[in-house]
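# Per-entry structural report
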Amino acid sequence: MSLFGLGSRNQKTFRPKKNAASGDKGMQLKRHIDATLGSGNLREAVRLPPGVDRNEWLAVNTVDFFNQVNILYGTLMEFCTPTTCPTMSAGPKFEYRWADGVQIKKPIEVSAPKYVEYLMDWIEAQLDDESIFPQKLGAPFPPNFQDVVKTIFKRLFRVYAHIYHSHFQKIVSLKEEAHLNTCFKHFTLFTWEFRLIDKGELAPLNDLIESIVLAY
């Protein structure tokens, strides 16, 4: 595994790139994603390829979206601090508290960077748990697999919502606006295709999401 080269980052939040499941089919799925993304057709890039198991497709894409959000947030870490962002919010109406149901059972208020740190720790633990994300293709997925995936995507969406509401001007000044928008379009179309996030959760970016979905 290799670190993304974007300067000196706090490794607790900005991590080494995760790899999808091992095996020839895993590489085929990854190549399919890269090829369809390269064509510029995002709607085609998110569709379940013929003959591919839905859970395997969800798994390889979950790893990809985790990596994408890590890259995006990593460019903002020096600007998203406990001082600038004392709560994990998405505008004045939406605030997120952290709980993982295991170590932290009752939701707690934390700063945005602390929330993202907790989140990335939690997602990484799910991805590394072979009883949830089997490393060998063809190994069975657990009955609650899609519920875990939905929770991961719901929480990754909150990072996008925070970036758009609290750091968009910084993204523009860093000339990363086009990259952010493309990543979020891909994320939105994928979650829409597989109904991974409840509509109520999408409220902080509802107008943007509607414009993306209508455009495709």
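Criteria and thresholds
- Residues numbered from 1 in each chain as written.
- Predicted model: local features only at pLDDT ≥ 70, side-chain atom pairs only at ≥ 80, totals over all residues.
- Heavy atoms only, no water.
- Helix = DSSP H or I, 4+ residues; strand = E, 2+ residues; numbered from the N terminus.
- Buried < 20%, exposed > 50% of the residue type's maximum accessible area, 1.4 Å probe, protein only.
- Contact = heavy atoms within 4.5 Å.
- Areas by Shrake-Rupley, 256 points an atom, 1.4 Å probe, with all protein chains shown as cover.
- Phe/Tyr/Trp six-rings, centres within 6.5 Å; stacked < 30°, edge-to-face > 60°.
- Lys NZ or Arg CZ within 6 Å of the ring centre and 35° of its normal.
- Axes fitted to C-alpha atoms, helices over the stretch in contact; angles between N-to-C directions.
- Parallel < 35°, antiparallel > 145°, perpendicular 65-115°, else oblique.
- Left-handed = near helix turned anticlockwise from the far one by under 90°.
- Expected span 1.5 Å × (residues − 1).
- Core = buried A, V, L, I, M, F, W, Y, C linked by side-chain atoms within 4.5 Å.
- Disulfide = S-S within 2.5 Å.

As annotated in an unreviewed UniProt entry, the chain carries the name MOB kinase activator-like 1A isoform X1 and comes from Elaeis guineensis var. tenera.

### Remarks on the overall build of the chain
In terms of regular secondary structure, the chain is built from 8 helices and 2 strands. Mapped from its N terminus to its C terminus, the chain presents α and β elements in the order α-α-α-β-β-α-α-α-α-α. Burial statistics for the chain: of 216 residues in total, 48% are counted as buried. Here the analysis covers contacts within the chain between residues at least 6 apart in sequence; of these, 70% occur between residues at least 24 apart. Carbon and sulfur atoms make up 52% of the accessible area of the chain, which totals about 10,700 Å².

### Some thoughts on the packing of aromatic side chains
Inspection of the entire model under this criterion finds 16 aromatic pairs. Ring geometry for Phe-65 versus Phe-187: centroids 5.6 Å apart, planes at 85°, classification edge-to-face. Linking Phe-65 in helix H3 (residues 54-74) with Phe-187 in helix H7 (residues 177-193), this pair joins segments that are 122 residues apart in sequence. Considered together, Phe-65 and Phe-187 belong to a single accessibility category, that of buried residues. Three or more aromatic residues joined by ring pairs make a cluster, and in this case those are Phe-65, Phe-153, Phe-157, Tyr-160, Tyr-164, Phe-168, Phe-184, Phe-187, Phe-190 and Phe-194. A cation over an aromatic ring shows up here: Lys-114 above the ring of Tyr-118, its NZ or CZ 5.0 Å from the ring centre. The ring of Trp-122 carries Arg-155 above its face, with NZ or CZ at 4.7 Å from the centroid.

### Structural notes on the packing of H3 against H7
Viewed as axis vectors pointing N to C, H3 and H7 meet at an angle of 155°, and their least axial separation amounts to 11 Å. On the basis of the axis angle, H3 is roughly antiparallel to H7. For the element pair H3 and H7, the recorded crossing hand is left-handed. The residues of H7 that touch H3, namely those facing Trp-57, Leu-58, Asn-61, Phe-65, Gln-68 and Leu-72, are His-179, Leu-180, Cys-183, His-186, Phe-187 and Phe-190.

### Details of H3
The periodicity of an α-helix, 3.6 residues per turn, causes residues three or four positions apart to be oriented the same way. Taking 1.5 Å of rise per residue, the 21 residues of H3 would be expected to cover 30 Å, and the 30 Å separating its terminal C-alpha atoms lies within 8% of that figure. Counting buried positions over the 21 residues of H3 gives 19, a clear majority of the element.

### Some words on the side chain of Ser-111
Among the structural elements, Ser-111 can be located in the loop between strand E2 (95-96) and helix H4 (112-128). A relative accessible area of 14% places Ser-111 in the buried class. Those residues within four positions of Ser-111 in sequence are excluded, and the remaining contacts are Pro-82, Cys-85, Pro-86, Thr-87 and Met-88.

### Things to note about the nonpolar core
Among the nonpolar cores identified, the biggest contains 61 residues, and Phe-133, Phe-157, Tyr-160, Phe-184, Phe-187 and Phe-190 are the most heavily contacted of them. Sorting the residues of this core by element identifies helix H2 (42-46), H3, H4, helix H5 (145-166), H7 and helix H8 (206-215) as the ones contributing at least two each. Broken down by element, this core gets its largest block of residues, 12 residues, from H5.

### Let's talk about the side chain of Thr-188
For Thr-188, the position within the fold is in helix H7. When near neighbours in sequence (up to four residues on either side) are disregarded, Thr-188 contacts Ile-209, Ile-212 and Val-213.

### Overview of the state of the cysteines
The tally for this structure, following the rule as stated, stands at 0 disulfides. Left without a disulfide partner, Cys-80 is nearest to the cysteine sulfur of Cys-85, which lies 3.8 Å away.

### Digging into unusual backbone geometry
The backbone phi angle of Lys-175 is positive, close to 60°, even though this residue is not glycine. Topologically, Lys-175 is positioned in the loop between helix H6 (168-173) and H7. Here the phi dihedral of Arg-195 falls at roughly 50°; this positive angle occurs in a residue that is not glycine.

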